[in-house]
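Topology and contacts: notes
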Amino acid sequence: MKLLKRSLCLLLVAAFAISLVACGGKTETADTTTKPPTASAGDEGKWRPNPEKVENTKFVDTDGRFEYAEVSWDGPEGYVIVVPAGDVEAKKSATALQEYFAATAEVTLKIVTDKTAEVDKEILIGKTNRAASPKDMKEADLEAKVEGKKVILCGGHYVTTGSAVNRFIRLLPTKEKAYTFKVSTDFTSTVLDDYYYVWGDEFEGTDIDFTKWDFEARMSGSTSNELSWEKDCIEVLDGRLVIRARRHFSVQNQNIGYRSPYSTLHKYHMNYLYGYAEIRARIPFEKGIWPSFWGVNSCDIAEKKYGIKYNEGAKYGVEVDVYEVFGSDSLVVPNIHKWYNNSYNYPKIHGVEMDGNHTQFSGNKISWDWADHMDDISVLDQEYHLYGFEWTPTKMSMYVDGNEYMVFDITKSYDLCSDMTQYHTPLYNMFNCHVFIDDPENSFVPNKITDNLEVLPTEYCIDWYRVYQKKDGKSKIYIDETPRDIVYTGR
């Protein structure tokens, strides 16, 4: 595939390692995303914010930190956790809190619904019928507070309620100390025109949620580059998914000099047909680094898990690159692909010479030059932006900060094979942070990490991932929250 690049966030590796408790009182950084000017079509067209970079060796990424206060309480002994009757999401959050106190305080709290009789000592999660639970919060707001013998963890939406519980856990409450906070986030349950939130991850927990994500070698390692899912390469930290490429020397294999993360993907837990997927992320933009946000269609998984039937004899598999950064300091590059299988020899059937049995469409791009419109774009590595992918029965569109900058028409083929049916089968998405190494296995090396070793380790930070769909009868989503029977050692 064709993916992307690196982040100046390495300067924060040490700071990232500092826990939220050690950083008490840090404030969550405001969303500084800025909308670009109106796009103009016609040139080769990659999104180009500003080619100039300004070195900032003092940069520290405090995004994800928030203000909180320590308070005394007489729990968790003797408390019960109360959730709204029928609220499945609140029950999941309650279970996470229950497991936390069982592990840290050796107290197993009972979870009950708000249909039970009220007692003095209660931890209220979500919009319960108790008088202490807020009833009119904005969906983007969340809070944790203690009122008498009530601990209230809530948000204006089940997503922000879950974030409130996870943040509370991240602060490590004890038998006598709890934490209060009130945060306004950028969460919204609707985007674009009539798209509604259906699935996602705010990454507010303490590790990867294996009911949503798994690891897989969708981009392979090499003689010199070892793949890893250990926490030095993939972790959830301060409310973000952080994936790192790094220098690494192996005792077992002296040829190894680098470590790149496995693909972090939702293949086994969520597949979808049509919708809008969006992340808020800080991408590494450095020579030799290859970060990406991409997806492939999931015929095998969807058939086995959900009984979806595909047309027999599909000729190819689909790849959609929402973006890749090919070791650039300013460009994100979107592509769509057809990977033909052995039963369909595209070069022979269509009489063309090509490298492999694969076609790619990178046309219809739009170029944006932000240099004359923004004052703070000069260090792109240090900025969070919104990156979106809209998929309808007629098009695949890529967005930056809510602005559409590229459109692929999927009603007609872009190559000599007229079949586009596979672009209307379920997909799953994933994230990578790879490196370009001049190994014998690598035929695509636009630039080499060996010429830019000072950038390692490099970090690709994803604040959240959200998927929205229309209520149009055409969009489908398939969810299986059962963790796979796999133990990822080193976590």
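Preceding block: the structure.
Keep in mind that what you see is a predicted model, and the values were worked out from it rather than measured.

Cut-off values and rules
Residues numbered from 1 in each chain as written. Predicted model: local features only at pLDDT ≥ 70, side-chain atom pairs only at ≥ 80, totals over all residues. Heavy atoms only, no water. Buried < 20%, exposed > 50% of the residue type's maximum accessible area, 1.4 Å probe, protein only. Helix = DSSP H or I, 4+ residues; strand = E, 2+ residues; numbered from the N terminus. Pairing = 2+ DSSP bridges. Expected span 1.5 Å × (residues − 1). Contact = heavy atoms within 4.5 Å. Arc of directions from axis to C-beta. Axes fitted to C-alpha atoms, helices over the stretch in contact; angles between N-to-C directions. Polar contact = N/O pair within 3.5 Å; in protein donor to acceptor, adjacent residues only side chain to side chain. Salt bridge = Lys/Arg side-chain N within 4 Å of Asp/Glu carboxyl O.

Some remarks on the pairing of strand β29 (residues 458–469)
Of all 12 residues in β29, 12 are buried, a share of seventy percent or more. Across five bridges, the pairing between strand β11 (residues 195–201) and β29 is antiparallel. Across the sheet, Tyr-196 pairs through a bridge with Gln-469, a residue of β29. Here strand β19 (residues 275–282) runs beside β29; their pairing, made up of seven bridges, is antiparallel. The residue of β29 that forms the bridge with Ile-279 is Tyr-465.

Looking at helix α3 (residues 158–170)
With 13 residues, α3 ought to run about 18 Å at 1.5 Å a step, and its terminal C-alpha atoms sit 18 Å apart, in line with that. Burial analysis of α3 places 11 of its 13 residues in the buried class, the great majority of the element. By the burial criterion, the buried members of α3 are Val-159, Thr-160, Thr-161, Gly-162, Ser-163, Ala-164, Val-165, Arg-167, Phe-168, Ile-169 and Arg-170. Looking at the packing, one finds that the buried side of α3 touches α2 (88–104), β6 (122–125), β7 (141–147), β8 (150–155), β9 (177–184) and β11. Phi turns positive one or two residues past the end of α3, at Leu-172, with a value near 60 degrees.

A few points about helix α4 (residues 299–306)
Buried within α4 are the following residues: Cys-299, Ile-301 and Ala-302. Looking down the long axis of α4, one finds its buried residues gathered within 165 degrees of arc, a one-sided arrangement. Elements that come into contact with the buried residues of α4 comprise β18 (270–273) and β20 (289–297). Where α4 ends, the next residue or the one after it, Gly-307, has phi of about 70 degrees, a positive value.

Observations concerning the sheet that holds strand β4 (residues 80–83)
Spatially, seven strands are ordered β3-β9-β7-β8-β6-β4-β5 in an open sheet, and the strand pairing comes out mixed. One side of each edge strand has no neighbouring strand; the edge strands of this open sheet are β3 (69–72) and β5 (110–113). Mean inter-strand twist for the sheet, computed between neighbouring axes without regard to direction, equals 25 degrees. Two strands pair when backbone bridges link them, and β6 and β8 are joined in this way by four bridges, in the parallel orientation. Looking at the pairing, Ile-123 lines up with Val-151 of β8. Here α3 sits on the sheet in contact with β6, β7, β8 and β9, set at roughly 130 degrees to β8.

Comments concerning the side chain of Asp-214
Take Asp-214: it is sitting in strand β12 (residues 214–216). A polar side-chain atom of Asp-214 sits 3.0 Å from a polar atom in the side chain of Tyr-488. Sequence-distant contacts of Asp-214, defined by excluding residues within four places in its chain, comprise Ser-263, Thr-264, Leu-265, Tyr-268, His-269, Arg-484 and Tyr-488.

Remarks on the pattern of salt bridges
Throughout the structure, instances matching the rule amount to 36 salt bridges. A salt bridge links Arg-280 to Asp-63, with the shortest nitrogen-to-oxygen separation between them at 3.1 Å. Highlighted residues: Arg-280 in strand β19 and Asp-63 in the loop between β2 (47–48) and β3, separated in sequence by 217 residues. When its relative accessible area of 3% is taken as the criterion, Arg-280 is described as buried. A residue is classified by how much of its surface remains accessible, and Asp-63, at 4% relative accessible area, is buried. A salt bridge links Lys-150 to Glu-118, with the shortest nitrogen-to-oxygen separation between them at 3.0 Å. Here the residue Lys-150 occupies a position in strand β8, and Glu-118 occupies one in the loop between β5 and β6, the gap between them amounting to 32 residues. The class for Lys-150 is buried, based on a relative accessible area of 12%. Connected via shared salt-bridge partners are Asp-61, Arg-65, Asp-238, Arg-240 and Arg-282.

Nothing here speaks to function; it is all geometry.
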